[in-house]
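As a plain string of letters, each chain reads:
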Amino acid sequence: QSYPTKTRIGLDMSIIIVSSLRSQKSTNIHNLFHSDPKVPIPGLSEKVVTQVSQFLTTERSITDKNGKQRKIKEDAFEKVFCVFDGATHSHKKRHAHQSRYSTRNDEKRQLQELYKTTSYPTKFEEDTALDKAKKLRASLMYFRPDLLHDIIESLKKTFGDKVIIIGSPFEADHQLVT
């Protein structure tokens, strides 16, 4: 399929998904993400759609016939290529992936220690521990493959043919460059 020369943009969806997961305003998403057994996270798809929509439209000011300034929304890009990561290459697993995620085990231990504590001497210490637990839970969130279907269906339903879904064989970065 060929596309006119209008503007297009490619998005590395793992960045958008992880930022949606880790948002501090997403308490319900955090709770559902860390549930056992794993459950769908309905609010996540809406957050991803909201972030993608920021790339599809733009606002500009115009002066109407009465001399009043008003804002109108218009298409920023004709197409948005949503590129999803595939499998992590074995070389990356051994090196870059390990350096990027090696602190997870330490963070998991810290969180488990916080969970073991059932009472605190002061309200301040309890609040501090609760804040630390929330930050640790957010930092331990990652992209779960089981969430992919809902996100893709929400993108298709919301944007129709304005989005092109691409599943990269490995990293989305390489697909975006080409």
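See the structure above.
Positions within a chain are numbered from 1, following the residues in the order the chain's sequence is written. Predicted model: local features are reported for residues with pLDDT of at least 70 only, side-chain atom pairs are reported and counted for 80 or more only, and whole-chain, interface and lining totals are derived from all residues. Each side-chain value is derived from all of the structure's non-hydrogen atoms; neither hydrogens nor water enter the calculation.

As for the overall build of the protein chain
Rules: Labels follow the DSSP assignment, with helices taken as runs of H or I lasting at least four residues and strands as runs of E lasting at least two, numbered in each case from the N terminus. Residue burial is assigned from relative accessible area. The probe radius is 1.4 Å, only protein chains are included, and a residue is buried under 20% of its type maximum, exposed over 50%, and partly exposed in between. In this description, contact between two residues means that some pair of their heavy atoms is separated by no more than 4.5 Å.
Regarding its fold elements, the protein chain presents 9 helices and 5 strands. Ordered by position from N to C terminus, the α and β elements of the protein chain give β-α-α-α-β-β-β-α-α-α-α-α-β-α. For the protein chain, with 178 residues in total, the buried portion stands at 29%. Put simply, 69% of the contacts in the protein chain that link residues at least 6 apart link residues at least 24 apart.

Considerations on the environment of Glu171
In this fold, Glu171 is placed in the loop between β5 (163-167) and α9 (172-177). Assessed through its relative accessible area of 15%, Glu171 is described here as buried. The sequence separation of Glu171 and Asp85 amounts to 86 residues, and the corresponding C-alpha distance is 4.8 Å.

That is the geometry; function is a separate question.
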